[in-house]
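Residues per chain are reported as follows:
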Amino acid sequence: MYRTHTCGELRIANLNEQVTLAGWVQRTRKMGGMTFVDLRDRYGITQLVFNNEVDADLCEQANHIGREYVIQIDGVVAERSSKNSKIPTGDIEIIVCSLNVLNTSAIPPFTIEDESDGGDDIRMQYRYLDLRRQCVRKNLELRHRMAFEVRRYLDSKGFLEVETPVLIKSTPEGARDFVVPSRMNQGQFYALPQSPQTFKQLLMVSGFDRYFQIVKCFRDEDLRADRQPEFTQIDCEMSFVEQEDILEMFEGMSRHLFKTIKGIDLPKLPRITWHDAMKFYGSDKPDTRFEMRFVELMDVMQGYGFSVFDEAKYIGGICAKGAATYTRKQIDQLTEFVKRSQIGAKGLVYARIEADGNVKSSVDKFYTQDVLQQLKGAMSAEPGDLILIMCGNDANKTRKQLCELRLEMGTQLGLRPKDKYSCLWVVDFPLFEWNEEDQRFYAMHHPFTSPKPEDIPLLDTNPGAVRANAYDMVINGVEVGGGSIRIHESNLQHKMFELLGFSPEKAEEQFGFLMNAFKFGAPPHGGLAYGLDRFVSLFAELDSIRDCIAFPKNNAGRDVMIDAPAALDQTQLDELALIVKQHTNN
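To start, this report covers the structure provided alongside it. (Residues numbered from 1 in each chain as written. Predicted model: local features only at pLDDT ≥ 70, side-chain atom pairs only at ≥ 80, totals over all residues. Heavy atoms only, no water.)

### Observations regarding the sheet that holds strand β2 (residues 34–41)
Link 1 in the chain: With mixed pairing, five strands are arranged side by side around a closed barrel as β1-β2-β3-β5-β4. Strand-to-strand twist in this sheet, taken as the mean axis angle between neighbours without regard to direction, amounts to 55°.
Link 2 in the chain: Of the strand pairs in this sheet, β2 and strand β3 (residues 44–51) are connected by eight bridges, and their pairing is antiparallel. The residue of β3 that forms the bridge with Met34 is Asn51. (Pairing = 2+ DSSP bridges. Helix = DSSP H or I, 4+ residues; strand = E, 2+ residues; numbered from the N terminus. Axes fitted to C-alpha atoms, helices over the stretch in contact; angles between N-to-C directions.)

### Structural notes on the nonpolar core
Link 1 in the chain: Among the nonpolar cores identified, the biggest contains 46 residues, and Leu375, Leu388, Leu405 and Met409 are the most heavily contacted of them.
Link 2 in the chain: Of all the elements in the fold, those that place two or more residues in this core are α8 (298–301), β13 (314–320), α10 (328–339), β14 (349–353), α11 (369–378), β16 (386–392) and α12 (395–412).
Link 3 in the chain: The contact partners of Met409, leaving out residues within four places of it in the chain, are Met292, Ile318, Ala320, Ala323, Tyr326, Leu334 and Leu388.
Link 4 in the chain: Residues Ile234, Leu532, Val536 and Ile549 belong to the second largest nonpolar core, which totals 42 residues. (Core = buried A, V, L, I, M, F, W, Y, C linked by side-chain atoms within 4.5 Å. Buried < 20%, exposed > 50% of the residue type's maximum accessible area, 1.4 Å probe, protein only. Contact = heavy atoms within 4.5 Å.)

### With respect to the pattern of salt bridges
Link 1 in the chain: Under the counting rule described, the total for this entry stands at 45 salt bridges.
Link 2 in the chain: The salt bridge involving Glu161 is made with Arg151; its shortest N-O contact spans 2.9 Å. In this pair, Glu161 is assigned in strand β6 (residues 160–161) and Arg151 in helix α4 (residues 134–156), connecting sequence segments 10 residues apart.
Link 3 in the chain: The class for Glu161 is partly exposed, based on a relative accessible area of 39%.
Link 4 in the chain: With a closest N to O distance of 3.1 Å, Glu248 and Lys268 form a salt bridge. Remark: Lys268 occurs in the loop between α6 (243–262) and β11 (271–273) and Glu248 occurs in helix α6; sequence separation between them is 20 residues.
Link 5 in the chain: Judged by relative accessible area, Glu248 falls into the partly exposed class, the value being 39%.
Link 6 in the chain: Relative accessible area serves as the criterion here: at 54%, Lys268 is assigned to the exposed category. (Salt bridge = Lys/Arg side-chain N within 4 Å of Asp/Glu carboxyl O.)

### A closer look at the packing of α4 against α6
Link 1 in the chain: Running from amino to carboxyl end, α4 crosses α6 at an angle of 135°, the nearest separation of the two axes being 10 Å. Classified by the angle between their axes, α4 and α6 sit oblique to one another. In terms of crossing hand, the pair formed by α4 and α6 is right-handed. When α4 is examined against α6, the residues Leu142, Arg145, Met146, Glu149, Val150, Arg152, Tyr153 and Leu154 are found in contact with a partner set consisting of Met249, Phe250, Gly252, Met253, His256, Leu257, Thr260 and Ile261. (Parallel < 35°, antiparallel > 145°, perpendicular 65-115°, else oblique. Left-handed = near helix turned anticlockwise from the far one by under 90°.)

### Examining the environment of Phe520
Link 1 in the chain: Assignment of secondary structure puts Phe520 in the loop between α15 (504–518) and β22 (525–531).
Link 2 in the chain: We classify Phe520 as exposed; its relative accessible area is 70%.
Link 3 in the chain: Measuring from C-alpha to C-alpha, the distance between Phe520 and Asp428 comes to 30 Å, with 92 residues separating the pair along the chain.

### Considerations on the packing of aromatic side chains
Aromatic ring pairs are defined here through the distance separating the ring centres and the angle between the ring planes.
Link 1 in the chain: Tallied over the entire structure, the rule returns 19 aromatic pairs.
Link 2 in the chain: With a centroid separation of 5.3 Å and 40° between ring planes, the pair formed by Phe432 and Phe441 is classed as tilted.
Link 3 in the chain: Since its relative accessible area comes to 16%, Phe441 is described here as buried.
Link 4 in the chain: Joined through ring pairs, the aromatic side chains of Phe159, Phe250, Phe258, Tyr421, Tyr530, Phe535 and Phe539 make up one cluster.
Link 5 in the chain: Taking the ring centre of Phe280 as reference, the NZ or CZ of Arg293 above it sits at 4.0 Å.
Link 6 in the chain: In this structure, Arg440 is placed above the aromatic ring of Tyr442, and the distance from its NZ or CZ to the ring centre is 3.8 Å. (Phe/Tyr/Trp six-rings, centres within 6.5 Å; stacked < 30°, edge-to-face > 60°. Lys NZ or Arg CZ within 6 Å of the ring centre and 35° of its normal.)

### Observations regarding the sheet that holds β11
Link 1 in the chain: Strands sit in the order β6-β9-β10-β22-β21-β20-β17-β11 across an open sheet of eight strands; the sheet is mixed. A single partner strand is all that each edge strand has here, and the edge strands are β6 and β11.
Link 2 in the chain: Lying on the sheet, helix α5 (residues 197–205) is in contact with β9 (210–218), β10 (230–239) and β22; it crosses β10 at an angle near 25°.
Link 3 in the chain: Contacts from helix α16 (residues 532–539) reach β9, β10, β20 (470–475), β21 (478–485) and β22 within the one sheet, and its direction differs from that of β22 by about 50°.

### Observations concerning the pairing of β13
Link 1 in the chain: The element β13 is extensively covered by neighbouring structure, given that seven of its seven residues are classed as buried.
Link 2 in the chain: Both faces of β13 are covered, namely the face carrying Tyr314, Gly316, Ile318 and Ala320 and the face carrying Ile315, Gly317 and Cys319.
Link 3 in the chain: Judged from the two bridges that link them, strand β12 (residues 295–296) and β13 form a sheet pairing that is antiparallel. Paired with Val295 across the bridge in β13 is Gly317.

### Observations regarding the layout of surface pockets
Link 1 in the chain: Considering only enclosed or pocket space, the second largest pocket measures out at about 550 Å³ in volume.
Link 2 in the chain: Only β1 (18–31), β2, β3 and α4 provide two or more residues apiece to the lining of the second largest pocket.
Link 3 in the chain: Per-element accounting of the lining of the second largest pocket gives the leading share, four residues, to α4.
Link 4 in the chain: Split into classes, the residues belonging to the lining of the second largest pocket amount to five nonpolar, seven polar and 14 charged. (1 Å grid on protein atoms, 1.4 Å probe; cavity = no way out; pocket = protein on both sides within 12 Å on 5 of 7 lines; lining within 4 Å. Points joined across faces, edges and corners; volume = space filled by probe spheres on them. Nonpolar A, V, L, I, M, F, W, Y, C, P; charged D, E, K, R; others polar.)

### Comments concerning the state of the cysteines
Link 1 in the chain: If you walk through the whole model with that rule in mind, you get zero disulfides.
Link 2 in the chain: In this structure Cys217 is not part of a disulfide, and its nearest cysteine sulfur, from Cys236, lies 12 Å away.
Link 3 in the chain: Judged by its relative accessible area of 0%, Cys217 falls in the buried class.
Link 4 in the chain: No disulfide involves Cys423; its sulfur sits 17 Å from the nearest other cysteine sulfur, which is in Cys236. (Disulfide = S-S within 2.5 Å.)

### Overview of the side chain of Arg143
Link 1 in the chain: When you line up the elements, Arg143 lands in helix α4.
Link 2 in the chain: A polar side-chain atom of Arg143 sits 2.9 Å from the main-chain carbonyl oxygen of Cys548.
Link 3 in the chain: If sequence neighbours within four positions are ignored, Arg143 has contacts with Thr232, Leu532, Asp533, Val536, Cys548 and Ile549. (Polar contact = N/O pair within 3.5 Å; in protein donor to acceptor, adjacent residues only side chain to side chain.)

### Let's talk about empty space enclosed by the protein
Link 1 in the chain: Applying the stated criterion across every chain yields a total of one cavity of 30 Å³ or more.
Link 2 in the chain: Counted as a void, the largest cavity has a volume near 40 Å³.
Link 3 in the chain: Lining the largest cavity, in full, are Met124, Arg127, Phe551, Pro552, Asp559, Val560 and Met561.
Link 4 in the chain: Residue composition of the lining of the largest cavity, by class: five nonpolar, no polar and two charged.

### Details of helix α14 (residues 490–499)
Link 1 in the chain: Along α14, the residues that are buried comprise Leu492, Gln493, Met496, Phe497 and Leu499. For α14, the angular spread of buried residues about the axis comes to 165°, placing them on one side. For α14, exposure combined with an orientation more than 90 degrees from the buried face picks out Asn491 and Glu498.
Link 2 in the chain: The positive-phi residue at the C-terminal boundary of α14 is Gly501, with phi of around 90°. (Arc of directions from axis to C-beta.)

Written out as structure tokens, the structure reads:
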């Protein structure tokens, strides 16, 4: 038996017990005739004691073990004279009777501590060592618990977990596919699924009226902190439901997760339309941990000779409570922030509300105090507040710029704590978005999203005004899940393909299997998918999803630990009938 207990298990109640432990050496400390070793496994750390006066040979052996050696010890549980309240085993220590080195270790390239001296690149290269760190391990334990509770909740609601194929057919809509060549069908390719969308709809046609799957998905797209080329979805679908049924079901699942994992009683989630989200926050995933909603100011600020405002199509402002103390240097830094290429604004106007109620602004020479008082009233500003105003000729673009400023102010003012959660549903998305370059409509979600029933007549007259029967769940400004009621009638689906520019032949080629299935009695159905990685990272209060994934890719989409992607051997290429174009670095 390698161990009788784990390194996180023993307590004062185990005093005088003979135990066997095994694990990795976290650190060793020599103090006089005593050697102390911190032994670590997945469950915690236990202090070992070697006494030179009791067994000099054993103590000498302990002095030669290094960090990350794998060892096994026998010993007796004793009470620590100098207790450590920072660890659960801090009241006890093990007086070691025998030591067995199971394996030696090279010197690790970074310290395996919560506060490591290893940068991201080196930790990703040696990810198997990084996973030994308690903080990273806890994220994966949290991920396990959340996946377990998802399964528990959905099972209690009658959902069946069904696996869908990983090798599928490529479709041109959405993000880029990862493609897989076929040796047996040379010149033809599978694609890895961006989601199990069509298969879960086919399961509804099959009569499996409640489906879910915790499933790997793949998208060959540019990466960010909350994106990976492979990611995990909690994918769900239901039959004989309307939007309200789905929102209630999965709001219930979110409430279950918050209660069981975080101990938080989640209130009923507010709902906001996509139009209002864009109007008041400049984002379809607004962070509602704080207010600072946009106020349109064209009626207040135009017509007074300030050409920047007079010629703008949109003027919007936010009120930062208590920020009138910002210095000119701080405001200049905010101006430079919005002028960065990533945001692209041309400038920023500010107005301070003084202690006496007067308004002092950066455009005083154009506006009387009476007009500035109207501004103060429109913004519901009070003494001590700071008003920040942006304008432009493209309302949507300016709102997005103002959104970035709002989030930056929320961060600077401490209004976005990671342990505070604000959840909501965003509903009534546009069904289509217009692409100026291609001069055509694209589906805002995917081509199987149903329009609002009352908007169906607009498909023939004004497609851009049609609202989707779609919804997103947003937590702290992060879209954690989204879905829609699906089209289940063949004629409406054909109309959708037509508006998206599919010829009948192209629609048949890409989605004929689904359309044929609809001919055999497709029920009304809908669903949604949560990003498990994003959900876990929010609960773990992380800035990136990488630390809640066991073996993530870096920002270039590479696995630096196994050095993938990599070139194939010429023999493999020949078997696949592939010719690889050689790239040179210029």
